[in-house]
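Observations on the three-dimensional arrangement
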Amino acid sequence: MKNFRFKKKGNEYLLTNDSGNWEFITKEEYSQLNNLSETSELYGRLEKKGLIITEKNKEQIVEDLREKKGFLFQGPGLHILILTLRCNEHCVYCHASSKDLKEKQYDMTKEIAEDVVKRIFESNNQKLCIEFQGGEPLVNFEVLKLVVEKAKELSKGKEVLFRIVTNLELMNKDKLNFLIENNFDICTSLDGPKELHNKNRGGYEKVIEWITKINEEYKKNNQKRNVNACLTLTKQSLDKGKEIIDEYIKQGMKEIPLRSLKKLGDARKNVEIYYSVEEFIQFWKKSLDYIIKLNLTGKLIIERKALIILQKLFETKDPGYADLRSPCGAVLGQVLYNYDGQVYTCDEGRMLDEDLFKIGNVKQSLTELTTNDEALAVISASINDSYICESCVYKPFCGVCPVLNYAEFGSTIGRIAESDWCKLHKAQFDYIFEKLKESQIKQVFMNWLKRKI
């Protein structure tokens, strides 16, 4: 029995199944599918990949699907704390709708923080990541320390990772020592070379200074990690792909996330920074080609979105990228605790001017928060089982974001085929599959998968 979706690509056909297995076959082989001999080489290939179902492989197909969807049974592993909305910067694309440093009413209190920690450890996930965001989380550092201390008390054998997303401008020696001592992953923002970074957000010199210092401290303490950086692309970035990539390499980064701007938070009001999906894809392809070229000359630099797609194509377990899961990561993979104790489905869910994605208050148990009608409605809206998705060859690797659907169409159930989300991901999947046909580039991609970032 056939078990695949297909798409014609040039003189070949791409076949995929729900387990995430895939295979290219020729036009001639495709014409044989209706009368396929069980003794043919093609039959054996398709049976091995589970693209046809037989008595021999049906149990393996079920096991592959169970492995791919294992995240459904783990409980939320990523717990995001908005320690404050106050921030010392005023980025042109601020998704968090940050507030002035004087407005202390936007800080999370110690009482709320203690309740947050209790909720986190009600998750049955054995691997937890506690991520501190803002605003600028270093503004409310005493509450951060409290959370870390309480989390250590409650961990009870669970593996706990601490992460902070910071602009680094308020960093000092004491704060850094605490973060290093507690094995924090530190992520900052670097939008490219000095002129571009400062145009978007400011503080370039401080960011570079602290990236260097933190990496030195990691090395001194035998911690095999480096500062990670996030990149937000504005319209002014699109003709500077090479310069942005070169800046990341200059700062010792091995990975760069070329991510498109989301129309959330304050970013929705600044129309001058936006661009079309087509403009972004043109930028992304050109930049990825440059990154591949660098790799072919022996310089390792990885584009993060391409890596995630490759992990979904070649690895048995889902890489945990919430945006490309079905259901998505909202509630099932992550929960966000706002500064005021309100709990949201995800990071993006708190970036709207309304409470559509609020699932309750931190005084409620995690079970109540993740199984109430509001939570279940968002989970349901994030399943890519619409007619359009069902017929798409990329369905096994893709997902749906109800928040972005709402931002674009005013409904959590968006018009998928018209959405920027769908256009973007189809183009990215198309390009990765196209590049996989070139042996040298495929080897570059395989090297990315072998490297543990």
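The shown structure was predicted, so the numbers you read here are calculated from the model rather than taken from an experiment.

Bringing the packing of helix H9 (residues 241-250) against helix H10 (residues 277-296) into the picture now. The relative placement of two packed helices is expressed as an angle between their axes plus a distance between the axes. As a packed pair, H9 and H10 sit with axes 9 Å apart at the nearest point and diverge in direction by 45°. Relative to H10, H9 is oriented oblique. The handedness of the crossing between H9 and H10 comes out as right-handed. The segment H9 lies against H10, with Gly241, Lys242, Ile245, Asp246 and Ile249 engaging Phe283, Ser287, Tyr290, Ile291 and Leu294. Per-class residue counts for the contact of H9 with H10 are six nonpolar, two polar and two charged.

Moving on: the packing of aromatic side chains. A complete count under the given rule lists 20 aromatic pairs for this structure. Between Phe6 and Tyr13 the ring centres are 6.2 Å apart and the planes differ by 55°, which places this aromatic pair in the tilted class. Residue Tyr13 is classed as buried on the basis of its relative accessible area, which comes to 11%. Aromatic side chains Phe6 and Tyr30 sit 5.3 Å apart centroid to centroid with 50° between the ring planes, which places their arrangement in the tilted category. Taken together, the residues Phe6 in strand S1 (residues 5-9) and Tyr30 in helix H1 (residues 27-31) connect sequence positions 24 residues apart. Residue Tyr30 is classed as partly exposed on the basis of its relative accessible area, which comes to 24%. One aromatic cluster in this structure is built from Trp22, Phe24, Phe314, Tyr394, Phe397, Phe429 and Phe433.

Here the focus is the environment of Ile249. With respect to the element layout, Ile249 can be found in helix H9. For Ile249, a relative accessible area of 23% gives the class partly exposed. Along the sequence, Ile249 and Lys299 sit 50 residues apart, while their C-alpha atoms lie 9.1 Å from each other. With sequence-adjacent residues up to four places away left out, Ile249 is seen in contact with Leu294, Lys299 and Ile301.

Attention shifts here to the sheet that holds strand S5 (residues 127-133). In spatial order, the strands read S8-S7-S6-S5-S4-S11-S12-S13; together these eight strands make up an open sheet with mixed pairing. Looking along the sheet, the strands with just one partner apiece sit at the ends: strand S8 (228-230) and strand S13 (358-361). This sheet shows a mean twist of 25° between the axes of neighbouring strands, independent of strand direction. Here strand S4 (residues 78-82) pairs with strand S11 (residues 334-337) via four bridges, running parallel. Bridging across to S11, Leu78 finds its partner in Gln334.

Right, let's get into the pairing of S11. Burial of the side chains of S11 extends over both faces: Gln334 and Leu336 are buried on one face and Val335 and Tyr337 on the other. Where S11 meets strand S12 (residues 342-344), two bridges bridge the pair, whose relative direction is antiparallel. Residue pairing across strands places Leu336 opposite Tyr344, the latter belonging to S12. Connecting S11 to the antiparallel partner S12 that follows it, the hairpin turn spans four residues, and Gly341 within it adopts a positive phi of roughly 90°.

Residue Gly135 follows Gly134 across a cis peptide bond; omega there is 15°. Mapped onto the elements of the fold, Gly135 is located in the loop between S5 and helix H5 (141-154). Of note, the bond from Ser326 into Pro327 is cis; its omega dihedral lies within 30 degrees of zero at -5°. Within the secondary structure, Pro327 sits in the loop between helix H11 (304-314) and S11. For Asn222, which is not a glycine, the phi torsion comes out positive at approximately 55°. Along the polypeptide, Asn222 turns up in the loop between helix H8 (204-220) and S8. Among the residues examined, Asn222 registers a relative accessible area of 70% and is labelled exposed.

The rules we used
Residues numbered from 1 in each chain as written. Predicted model: local features only at pLDDT ≥ 70, side-chain atom pairs only at ≥ 80, totals over all residues. Heavy atoms only, no water. Axes fitted to C-alpha atoms, helices over the stretch in contact; angles between N-to-C directions. Helix = DSSP H or I, 4+ residues; strand = E, 2+ residues; numbered from the N terminus. Parallel < 35°, antiparallel > 145°, perpendicular 65-115°, else oblique. Left-handed = near helix turned anticlockwise from the far one by under 90°. Contact = heavy atoms within 4.5 Å. Nonpolar A, V, L, I, M, F, W, Y, C, P; charged D, E, K, R; others polar. Phe/Tyr/Trp six-rings, centres within 6.5 Å; stacked < 30°, edge-to-face > 60°. Buried < 20%, exposed > 50% of the residue type's maximum accessible area, 1.4 Å probe, protein only. Pairing = 2+ DSSP bridges.

What is shown is where atoms sit, not what they do.
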